[in-house]
Amino acid sequence: MMLNKFIVLTGPTAVGKTDFSLFLAERIGGEIISADSMQVYKKLDIGTDKVCVQIRKRIPHHLIDILDPRENFSSVDFVKLADEALKKIRKRGKIPIVVGGTSFYLKFLLYGIPKTPPASPELRKELLKRNTQELFELLKKIDPEYAKKISPSDKKRIVRGIEIYELTGKPVSSFKIPEKPRYEFLGYFLFRNRDEIYKRIDDRIMRQLKLGVLGEAEWLMEYAPNSTASQAIGYKEYFNYLRGLESLETAVKRLKRRTRELAKRQFTWFRKEPNFKWVNLSEVSYKTLLDTIAKEL
């Protein structure tokens, strides 16, 4: 019965999903599938908070370090590779644990991908020439519902939203995700009290600075300046500082604000998701949650 199910751990950034997933994997004999849109990229370790290689040797992780930062990676790519990883893990008699906060990845994996039109290279090329802020303002007019779900600086998804509208005359939000799950799963949305989450965000940013995230950001800025990876929160906020255009204090302040905004969007996204249990880690211990999940499996 356990092998027919898998576990999904999600929640706002910096809540502690990764730490808890390691305890859970050891407790139930699990392997972890990352549902983080930036951990797929090689050499971006500090800014994406990747689990170290030593731990990955002990607890197998999938969909981490599989792409060069110049390569693109879509939700469709994620679903395809995650489906394959689920099969392999189950075949070994282990329990898959999907961990991450990239909402689109999780929705499409669990429920399926909406039947939207294929990309138009010509239209996309024209849209990419325009300023991100200008594009986001356009998206808010044609599809305010979708605009609320994505970052104002996520040019890739902004362009896709406008592209779909131009090709079909319909907003992205009208292409509904199937309601029936593709898989049987146990879903948990992990969260904490707001002040605690904000403190954890601030602490993580300062820890990443001490570990050398600026070196990663400078390398990314030079190696793949126009890539999807270069738009990741945790890197792009440092680019103006690295160019000598502003102070480190200003860059850090912006990063803290944008990370908090990301956490709010993650709350909003899953608030309407009926198949996830919400667990407040400010009140529930890891041990209690481990016992609960083991019992529910």
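Everything below is about the structure shown above.
All values reported here derive from a predicted model rather than from experimental measurement.

Parameters and conventions
Positions within a chain are numbered from 1, following the residues in the order the chain's sequence is written. In keeping with the predicted nature of the model, local features appear solely for residues at pLDDT of at least 70, side-chain atom pairs appear and are counted solely at 80 or more, and the whole-chain, interface and lining totals rest on all residues. Side-chain numbers here rest on the full set of heavy atoms in the structure, without hydrogens or water. Secondary structure counts use DSSP, requiring at least four H or I residues in a row for a helix and at least two E residues in a row for a strand, with both numbered from the N terminus. Restricting the calculation to C-alpha atoms gives the radius of gyration, and the globule rule supplies 2.2 Å times the number of residues raised to the power 0.38. Relative accessible area decides the class of each residue, using a 1.4 Å probe on protein chains only: under 20% of the type maximum gives buried, over 50% gives exposed, and in between gives partly exposed. Only the protein chains shown count as cover for residues, and the accessible areas themselves come from Shrake-Rupley with a 1.4 Å probe. Helices are assigned an expected span. That span is 1.5 Å times one less than the residue count. Whether two residues are in contact is decided by their heavy atoms, any of which lying within 4.5 Å being enough. Pairing between strands requires that DSSP locate at least two bridges from one strand to the other. Among buried residues, those of type Ala, Val, Leu, Ile, Met, Phe, Trp, Tyr and Cys that are joined through side-chain atoms within 4.5 Å constitute a nonpolar core. Only residues whose relative accessible area exceeds 30% and that form no salt bridge are eligible for patches; like-charged ones are grouped when within 9 Å, while nonpolar side chains (Val, Leu, Ile, Met, Phe, Trp, Tyr) are grouped when within 5 Å. What makes a salt bridge here is a side-chain nitrogen of Lys or Arg within 4 Å of a carboxyl oxygen of Asp or Glu, nothing more. Positive residues here are Lys and Arg, negative ones are Asp and Glu, while His and the chain termini are left out of the count. Charge positions come from single atoms, namely NZ of Lys, CZ of Arg, CG of Asp or CD of Glu. Only C-alpha atoms enter the line fits that serve as axes; for helices the fit covers just the stretch in contact. Angles between N-to-C directions range over 0 to 180 degrees. Under this scheme an angle from 65 to 115 degrees is roughly perpendicular, one under 35 degrees roughly parallel, and one over 145 degrees roughly antiparallel; angles in between are oblique. Crossing handedness follows the turn of the near helix against the far one: under a right angle anticlockwise gives a left-handed crossing, and clockwise gives a right-handed one. A 3.5 Å cut-off defines polar contacts: any pair of N or O atoms within that distance qualifies, except that in protein one atom must be a possible hydrogen donor and the other a possible acceptor, and neighbouring residues in sequence count only when both atoms are side-chain atoms. Between rings of Phe, Tyr and Trp, where Trp is taken as its six-membered ring, a pair exists when centres lie within 6.5 Å; planes separated by under 30 degrees are stacked, by over 60 edge-to-face, and by other angles tilted.

**Quick word on the overall build of the protein**
- Each helix and strand in the protein was counted, giving 13 helices and six strands.
- In terms of C-alpha radius of gyration, the protein reaches 19 Å, essentially the compact-globule figure of 19 Å for 297 residues.
- Its C-alpha atoms give the protein principal-axis dimensions of roughly 50 × 45 × 35 Å.
- Classification of the 297 residues of the protein by burial places 52% in the buried group.
- Summing over all exposed atoms, the protein offers an accessible surface of approximately 15100 Å²; the carbon and sulfur share of this is 52%.

**A word on helix 12 (residues 248-271)**
- Here helix 12 is 24 residues long and its end C-alpha atoms lie 35 Å apart, about the 34 Å a rise of 1.5 Å per residue gives.
- Restricting attention to buried positions, one finds in helix 12 the residues A251, V252, R254, L255, T259, A263, R265, Q266, F267, W269 and F270.
- The secondary structure elements touched by the buried residues of helix 12 are strand 1 (6-10), helix 4 (103-111), strand 5 (185-191), helix 9 (194-211), helix 11 (239-242) and strand 6 (276-280).

**Description of the pairing of strand 4 (residues 95-99)**
- Taken across its five residues, strand 4 has five buried, putting it largely inside the fold.
- Sheet topology places strand 1 next to strand 4; three bridges connect them, and they run parallel. In the strand pairing of strand 4, I7 is matched with I97.
- Sheet topology note: the strand 2 (residues 30-34)/strand 4 ladder contains five bridges and is parallel. Its bridge partner being in strand 4, E31 is matched across the sheet by P96.

**With respect to the nonpolar core**
- Ranked by internal contacts, the top residues of the largest apolar core, which has 69 residues, are F78, L139 and Y238.
- Once you skip the residues sitting within four places of it in the chain, F78 turns out to touch S34, A35, L63, F73, Y105 and L109.
- In this structure, I32, I95, V99 and I293 belong to the second largest nonpolar core, which totals 22 residues.

**Focus on a positive patch on the surface**
- On the surface, K148, K149, K176 and K272 cluster together into a patch of positive charge.
- Residue placement: K148 occurs in the loop between helix 7 (144-147) and helix 8 (155-168).
- Taking relative accessible area as the criterion, K148 reaches 66% and is therefore assigned exposed.

**Comments concerning the packing of helix 3 (residues 75-91) against helix 4**
- For the pair helix 3 and helix 4, interaxial distance at closest approach is 9 Å and the crossing angle is 55°. On the basis of the axis angle, helix 3 is oblique to helix 4. For the pair helix 3 and helix 4, the crossing hand works out as right-handed. Each of S75, F78, V79, A82, D83 and L86 in helix 3 lies in contact with helix 4, whose residues at this interface are F104, Y105, F108 and L109.

**Here's the deal with the side chain of S173**
- Within the fold, S173 resides in the loop between helix 8 and strand 5.
- Side chain to side chain, S173 and D143 meet in a polar contact 2.7 Å long.
- Setting aside anything within four residues of it in sequence, one finds S173 in contact with D143, E145 and Y146.

**Structural notes on the packing of aromatic side chains**
- Scanning the entire structure with this criterion turns up 19 aromatic pairs.
- Geometrically, the ring pair formed by F191 and F267 is edge-to-face, given 6.2 Å between the ring centres and 75° between the ring planes. Placement of the pair is F191 in strand 5 and F267 in helix 12, with a sequence separation of 76 residues. Across the pair, F267 and F191 agree in class, each one buried.

**Details of the pattern of salt bridges**
- Tallying each qualifying case throughout the model produces 25 salt bridges.
- Here R27 makes a salt bridge to D291, at a shortest N to O gap of 3.0 Å. Residue R27 is found in helix 1 (residues 17-28), and its partner D291 is found in helix 13 (residues 286-296); the two are separated by 264 residues along the sequence.
- When its relative accessible area of 28% is taken as the criterion, D291 is described as partly exposed.
- Across the salt bridge formed by K199 and D203, the nearest N and O atoms sit 2.7 Å from each other. Note that K199 and D203 are positioned in helix 9 at a spacing of four residues, about one turn of the helix.
- Several salt bridges converge on common partners, so that one network encompasses D45, K50, R56 and D65.

By themselves these figures say nothing about function.
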